[in-house]
Amino acid sequence: MPRVLVTGANRGLGLEFVRQFTRDRWEVVATARTAAPEVLELGANLLQLDLSDLAGVASFELEGPLDLLIANAGTYGPRDATTADEAHEWLDTFAVNTVAPYLLAQRLLPNLRHARGKAIAVSTRMGSIEDNKGGGYLAYRSSKTALNMAWRTLALANRDLTCAVLHPGWVQTRMGGPNAPVQPEESIAGLRRVIDSLTPADSGEFLDFQGNRVPW
Ligand SMILES: NC(=O)c1ccc[n+]([C@@H]2O[C@H](COP(=O)([O-])OP(=O)(O)OC[C@H]3O[C@@H](n4cnc5c(N)ncnc54)[C@H](OP(=O)(O)O)[C@@H]3O)[C@@H](O)[C@H]2O)c1
């Protein structure tokens, strides 16, 4: 039975990942910072993990091989930073969106290596510098751009694994809002097809849920 770990599994895209993987008989290790009854009802193992707690992430341990890491959890953060408080919130966004996923991947490298596994970060087109025509969302955009760079660096340092950053589309979740054109089922089905198709030769790529390359 293949094994996947999904962060931010209590709602949105994370919960849909858990739904689809448990349905397809994967062993699912789900992490969330709060109680997540839906996750338990789906038959996944649930571990408490707050990604803003970097000491907690740096000491995270998992026994046994891992076929797939999905660093999914993410947060918007402040839209701009003009005060010290907003600047601190911007740094907090970096902790959750950039530093914690990278640290977690580092912690899980031995598990992934054991299974010749894949490390996926759920990023966003909004982290693309070339694609940024609208501006705004300072903390979110910049932390995801940094995530993309961190993941590319992870890929280059671990050439026996497959590491990629993926854009899920604009999806109807709490983050995506009610006007988003893509439903979570479609997004996650697409992301899973893309993940399945990835080989070590694709490591370091930035792709969307339909398999198209996203500009950096
Ligand atoms: N929806 C979209 O249109 C869209 C588009 C592009 C990229 N994405 C990316 O997709 C991923 C999932 O987003 P979503 O749409 O599912 O958003 P969502 O519904 O807002 O869910 C975000 C998830 O991240 C978790 N999270 C936030 N801060 C956390 C922390 N400090 N520690 C642990 N977990 C934390 C949340 O947990 P709590 O419930 O505890 O807050 C929740 O499970 C994110 O990385 C997002 O950037 C989404």
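Residues numbered from 1 in each chain as written. Predicted model: local features only at pLDDT ≥ 70, side-chain atom pairs only at ≥ 80, totals over all residues.

Novice: I'd like a description of the overall build of the chain, backed by residues and values.
Specialist: Regarding its fold elements, the chain presents 6 helices and 7 strands. Order of helices (α) and strands (β) in the chain, N terminus to C terminus: β-α-β-α-β-α-β-α-β-α-β-α-β. A compact globule built from 216 residues would reach a C-alpha radius of gyration of about 17 Å, and the chain, at 16 Å, matches this within 12%. Each of the three principal axes of the chain carries a C-alpha extent, and together these read 50 × 35 × 35 Å. Buried positions account for 41% of the 216 residues belonging to the chain. (Helix = DSSP H or I, 4+ residues; strand = E, 2+ residues; numbered from the N terminus. Rg over C-alpha atoms; globule rule 2.2 N^0.38 Å. Buried ≥ 20, exposed ≤ 12 C-beta atoms within 10 Å, placed from the backbone.)

Novice: Before we move on, could you go through the site of the ligand and cite the residues and values that matter?
Specialist: Surveying the vicinity of the ligand reveals 27 residues, the closest of which are G8, G12, G74, M175 and G176. For the shell around the ligand, the leading source of residues is helix α1 (residues 12–23), giving 3 residues. The class makeup of the residues in the shell around the ligand is 10 nonpolar, 13 polar and 4 charged. (Near = placed C-beta within 6 Å. Nonpolar A, V, L, I, M, F, W, Y, C, P; charged D, E, K, R; others polar.)

Novice: Kindly report on the nonpolar core, identifying the contributing residues and their values.
Specialist: Ranked by internal contacts, the top residues of the largest apolar core, which has 54 residues, are V6, V18, A30, L69, I70, I120 and L166. The biggest single contributor to this core is helix α4 (residues 84–114), with 8 residues. (Core = buried A, V, L, I, M, F, W, Y, C linked by C-beta atoms within 7 Å.)

Novice: Residue-level account of the environment of L112, with values.
Specialist: As for its placement among the helices and strands, L112 is situated in helix α4. Take L112: there are 23 C-beta atoms within 10 Å of it, and that puts it in the buried class. It is 4.8 Å that separates the C-alpha atoms of L112 and L66, two residues lying 46 residues apart in sequence. When residues no more than four places from it in sequence are discounted, the contact partners of L112 are L66, L69, G117, A119 and L161. (Contact = placed C-beta atoms within 7 Å.)

Novice: Residues and numbers for the sheet that holds strand β3 (residues 45–48), please.
Specialist: Taken in spatial order, the 7 strands make up an open sheet running β3-β2-β1-β4-β5-β6-β7, and their pairing is parallel. Single-partner strands in this sheet number two, and they are β3 and β7 (206–208). Each strand of the sheet is rotated relative to its neighbour by a mean of 20°, with strand direction disregarded. Pairing geometry for strand β5 (residues 118–122) and strand β6 (residues 162–167), over 5 bridges, is parallel. If you follow I120 over to β6, its bridge partner there is A164. Helix-sheet contacts for α4 involve β1 (3–6), β4 (68–71) and β5, and the interaxial angle to β4 is about 175°. (Pairing = 2+ DSSP bridges. Axes fitted to C-alpha atoms, helices over the stretch in contact; angles between N-to-C directions.)

Novice: Lay out the pairing of β1 with the relevant residues and their values.
Specialist: The side chains of a regular strand alternate between the sheet's two faces. Strand direction decides the pairing type here: β1 and strand β2 (residues 27–32), joined by 4 bridges, are parallel. Within the sheet, the bridge partner assigned to L5 lies in β2 and is V29. Traced from β1 through α1 to β2, the parallel crossover comes out right-handed. Two strands pair when backbone bridges link them, and β1 and β4 are joined in this way by 3 bridges, in the parallel orientation. Among the inter-strand pairings, V6 is bridged to a residue of β4, identified as I70. (Right-handed = clockwise from strand over helix to strand, strands pointing away.)

Novice: Could you give me a rundown of the pairing of β2, with the residues and numbers involved?
Specialist: Counted residue by residue, β2 has 5 buried out of 6 residues, so it is predominantly covered. Relative to β3, β2 runs parallel, the two being bridged by 4 bridges. From the neighbouring strand, A30 faces β3, where its bridge partner is L46.

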